[in-house]
Amino acid sequence: MIFTVAIDGPAAAGKGTISRAVAARFGLAHLDTGALYRAVAVKGGDPVTAAQTLTAEDLARDDLRSLEAGQAASRVAVIPEVRAALLDFQRRFARREGGAVLDGRDIGTVICPEAEVKLFVTASPEVRAHRRWLELGGDQAKVLAAVKERDARDAGRADAPMCAAADALLLDTSDLTIAEATEQALAAVAKALAG
Ligand code: DC
């Protein structure tokens, strides 16, 4: 079975939790594509070389989840050659036998426009910043500023900007618990698998 679930949206909207739940429920492989950009940024040196030589160990580092790594990832993600170096791996993952869930910014638009299910998961910047702050701590105002800065860069870049595909299902999680949002995503995937 070739079956791709594309889950896009801004930072801290709940994409990761939803993606993992969808993958576990339906037995699909999961790729957190943000981790690729985080690993490129944290590896250091020339970002294009880093993207071309990324290894499994780079992806297994335990310092990828920090606020700084997220900001740095957003900066290297603007570079077209970095995106190009990561494209084939993501495309092959998306169409692998057995089905896959990928979460990121451009999965439904660029990596896998033919995905069988596309979700765009979002929430207000304030709600997302609060969630990130609960997870990582720090200064709340700084976390909100970082979230807004990252949104602007990810949505404003020329190459593969973050945006909802025309045929994506919008899931605004501002007023939903993650459990409620996950239920909606699971229902959408179940429907596509049945149809
Ligand atoms: O999802 P995340 O917070 O781990 O992503 C970190 C950064 O990586 C994000 O701000 C922009 C970039 N990114 C991207 O450009 N395209 C993707 N498919 C995933 C992430």
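The rules behind the values
- Residues numbered from 1 in each chain as written.
- Predicted model: local features only at pLDDT ≥ 70, side-chain atom pairs only at ≥ 80, totals over all residues.
- Heavy atoms only, no water.
- Axes fitted to C-alpha atoms, helices over the stretch in contact; angles between N-to-C directions.
- Helix = DSSP H or I, 4+ residues; strand = E, 2+ residues; numbered from the N terminus.
- Parallel < 35°, antiparallel > 145°, perpendicular 65-115°, else oblique.
- Left-handed = near helix turned anticlockwise from the far one by under 90°.
- Contact = heavy atoms within 4.5 Å.
- Nonpolar A, V, L, I, M, F, W, Y, C, P; charged D, E, K, R; others polar.
- Core = buried A, V, L, I, M, F, W, Y, C linked by side-chain atoms within 4.5 Å.
- Buried < 20%, exposed > 50% of the residue type's maximum accessible area, 1.4 Å probe, protein only.
- Disulfide = S-S within 2.5 Å.
- Pairing = 2+ DSSP bridges.
- Near = heavy atom within 4 Å.
- Polar contact = N/O pair within 3.5 Å; in protein donor to acceptor, adjacent residues only side chain to side chain.
- Areas by Shrake-Rupley, 256 points an atom, 1.4 Å probe, with all protein chains shown as cover.
- Expected span 1.5 Å × (residues − 1).
- Bend = angle between axes of the 7 residues up to and from the residue.

S.K.: I would appreciate a short explanation of the packing of helix H1 (residues 15–26) against helix H10 (residues 178–194) in the present structure.
M.R.: Each pair of packed helices can be summarised by the angle the axes make with each other and by the distance between the axes. Orientation of H1 relative to H10, taken along the N-to-C sense of each, is 45°, at an axis distance of 9 Å. On the basis of their axis angle, the class for H1 and H10 is oblique. Judged by the twist between their axes, the crossing of H1 over H10 is right-handed. On H10, the residues touching Thr17, Ile18, Ala21, Val22, Arg25 and Phe26 of H1 are Ile178, Ala181, Thr182, Glu183, Ala185, Leu186, Val189, Ala190 and Leu193. Here the residues of the contact of H1 with H10 sort into 11 nonpolar, two polar and two charged.

S.K.: What's the story with the nonpolar core in this structure? I'm lost.
M.R.: In globular proteins that are soluble, nonpolar side chains generally tend to be buried together. By size, the foremost hydrophobic cluster in this structure holds 17 residues, and its most contacted members are Val5, Ile7, Ile18, Val22, Val101 and Val121. Counting residues per element, this core draws most heavily on H10, at four residues. With 12 residues, the next largest nonpolar core counts Ala51, Val76, Ala77 and Val82 among its residues.

S.K.: What exactly am I supposed to notice about the state of the cysteines here?
M.R.: Each disulfide consists of a covalent bond between the sulfur atoms of two cysteine residues. Tallied over the full model, the rule gives zero disulfides. No disulfide involves Cys112; its sulfur sits 15 Å from the nearest other cysteine sulfur, which is in Cys163. On the basis of relative accessibility, which here comes to 36%, the residue Cys163 falls in the partly exposed class.

S.K.: Please clarify how the pairing of strand S1 (residues 4–8) should be interpreted in this entry.
M.R.: Along any regular strand the residues' side chains alternate between the sheet's two faces. With respect to burial, S1 is a largely interior element, five of its five residues being buried. Going residue by residue along S1, you find Thr4, Ala6 and Asp8 tucked away on one face and Val5 and Ile7 tucked away on the opposite face as well. Where S1 lies against strand S3 (residues 100–104), five bridges are found, and the strand directions are parallel. Paired with Asp8 across the bridge in S3 is Gly104. Of the pairings in the sheet, the one linking S1 to strand S4 (residues 117–122) comprises four bridges and is parallel in character.

S.K.: Whenever I open this one, the site of the ligand confuses me. Can you help?
M.R.: Within the structure, the ligand sits among 16 residues, and Arg38, Arg83, Arg150, Asp154 and Arg157 are positioned closest to it. Asp106 has a polar side-chain atom sitting 2.9 Å from a nitrogen atom of the ligand. In isolation the ligand offers 450 Å² of accessible surface; the protein chains occlude 98% of this area. For the shell around the ligand, the secondary structure elements donating two or more residues are helix H2 (33–43), helix H5 (67–76) and helix H9 (140–156).

S.K.: Looking at this structure, how should I read helix H6 (residues 80–94)?
M.R.: For an α-helix, 3.6 residues make a turn, and residues three or four places apart therefore share a direction. Counted at 1.5 Å a residue, the expected span for H6 with its 15 residues is 21 Å, and the 20 Å between its end C-alpha atoms agrees. Along H6, the helix axis deviates most sharply at Leu87, where the bend reaches about 35°. Among the residues making up H6, those that are buried are Val82, Arg83, Leu86, Gln90, Phe93 and Ala94.

S.K.: Honestly, the environment of Met1 in this entry has me stumped. Any pointers?
M.R.: Within the secondary structure, Met1 sits in the segment before S1. On a C-alpha basis, the gap between Met1 and Glu97 in space is 5.7 Å, while along the polypeptide they are 96 residues apart. The residues contacting Met1, other than those within four sequence positions of it, are Leu28, Arg96, Glu97, Gly98, Gly99 and Leu193.

S.K.: Could you clarify how one ought to interpret the side chain of Arg157 in this entry?
M.R.: Here Arg157 is to be found in the loop between H9 and strand S5 (169–172). Of the polar contacts made by the side chain of Arg157, one reaches the backbone oxygen of Asp159; its length is 3.0 Å. A distance of 2.8 Å separates a polar side-chain atom of Arg157 from the backbone oxygen of Ala160. Apart from residues lying up to four places away in sequence, Arg157 is in contact with Ala77, Val78, Arg83, Arg105 and Met162.

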